[in-house]
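Coordinates in review
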Amino acid sequence: MSDALGTPVQIAYAVPPEAKLRDVAAEFRQRTGAGPFVVAEHIELSSARIRGADSAFDHSSAYGQWGDVMVELIQEHTPSVIGRADGLHHVAFLVQSVDRMVESCAGFGWPVLLDASTKSGQRFVFCDARSDLGHLVELYEPSPALIAFYEHIRSIARLPD
């Protein structure tokens, strides 16, 4: 069972690059009850490799809580790594070792599509599970800053409207 991904911590939907992310987040909240959303525009990365080659990955995201899981609305400003601007983009998992889980994913036939790190040093990897699951699988290791961010999103969801 050590090769298993475990429990998802986030589900993400693609947002078209021409859309107003804040408007999409407000509409998503109205329709689903998720949120409220925190918007991060043009998230700075220290590195990004797409299909093994150094590349640009410019994206903005809106984060909100949807029951027990975080929801992300991801808007790619560079050419889309998933090849579409709507629908399910990825499902994220906290794992003990990104490198070990990347090996497991490769064994499942899910190669690394994106391997990137934020300016704060948080690494995240998208493995391409579209052939089996219809979406990407995001992997990252828990860090104090990431855990605090998840808790912040959960805490604002508990605030009265």
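1. Quick word on the packing of aromatic side chains
Scanning all chains against the criterion turns up 9 aromatic pairs. On the basis of an interplanar angle of 90° and a centroid distance of 6.0 Å, the ring pair of Phe-28 and Phe-37 is categorised as edge-to-face. For Phe-28, a relative accessible area of 15% translates into the label buried. Consider the rings of Phe-124 and Phe-126, whose centres lie 5.9 Å apart with planes at 70°: the pair is edge-to-face.

2. Comments concerning the environment of Ser-46
Along the chain, the position of Ser-46 falls in strand 3 (residues 45–50). A relative accessible area of 49% places Ser-46 in the partly exposed class. Along the sequence, Ser-46 and Thr-118 sit 72 residues apart, while their C-alpha atoms lie 5.5 Å from each other. Setting aside its immediate chain neighbours within four residues, Ser-46 contacts Ser-117, Thr-118 and Lys-119. Of note is the side chain of Ser-46, whose polar atom sits 3.3 Å from the backbone oxygen of Thr-118.

3. Some thoughts on helix 3 (residues 144–157)
The end-to-end C-alpha separation of helix 3 is 20 Å, in line with the 20 Å expected for 14 residues at 1.5 Å each. Restricting attention to buried positions, one finds in helix 3 the residues Leu-146, Tyr-150, Ile-153 and Ile-156. Down the axis of helix 3, the smallest arc covering the buried residues is 135°, so these residues share one side.

4. Focus on the side chain of Ser-117
Its place among the elements puts Ser-117 in strand 8 (residues 112–118). Judged by its relative accessible area of 15%, Ser-117 is buried. Setting aside anything within four residues of it in sequence, one finds Ser-117 in contact with Leu-45, Ser-46, Ser-47, Gln-122, Arg-123 and Phe-124.

5. Examining the pairing of strand 6 (residues 69–76)
Most of strand 6 sits out of view: 7 of its 8 residues are buried. In this structure, strand 1 (residues 10–15) lies alongside strand 6, joined through 6 bridges in parallel fashion. Paired with Ala-14 across the two strands is Ile-74, which belongs to strand 6. Sheet topology note: the strand 5 (residues 59–66)/strand 6 ladder contains 8 bridges and is antiparallel. Looking across to strand 6, one finds that His-59 is bridged to Glu-76. The hairpin formed by strand 5 and strand 6 contains 2 residues between the paired strands, and Gly-67 there has a positive phi angle of roughly 65°.

6. Digging into the layout of surface pockets
Estimates place the volume of the largest pocket at around 540 Å³. Lining the largest pocket are 26 residues, and of these Tyr-63, Thr-118, Gln-122, Leu-146 and Phe-149 sit closest to its centre. For the lining of the largest pocket, the elements supplying multiple residues, two or more each, are strand 2 (38–40), strand 5, strand 6, strand 9 (123–128), strand 10 (136–140) and helix 3. Sorting elements by how many residues they give to the lining of the largest pocket places helix 3 first, with 4 residues.

Conventions and cut-offs
- Residues numbered from 1 in each chain as written.
- Predicted model: local features only at pLDDT ≥ 70, side-chain atom pairs only at ≥ 80, totals over all residues.
- Heavy atoms only, no water.
- Phe/Tyr/Trp six-rings, centres within 6.5 Å; stacked < 30°, edge-to-face > 60°.
- Buried < 20%, exposed > 50% of the residue type's maximum accessible area, 1.4 Å probe, protein only.
- Helix = DSSP H or I, 4+ residues; strand = E, 2+ residues; numbered from the N terminus.
- Contact = heavy atoms within 4.5 Å.
- Polar contact = N/O pair within 3.5 Å; in protein donor to acceptor, adjacent residues only side chain to side chain.
- Expected span 1.5 Å × (residues − 1).
- Arc of directions from axis to C-beta.
- Pairing = 2+ DSSP bridges.
- 1 Å grid on protein atoms, 1.4 Å probe; cavity = no way out; pocket = protein on both sides within 12 Å on 5 of 7 lines; lining within 4 Å.
- Points joined across faces, edges and corners; volume = space filled by probe spheres on them.

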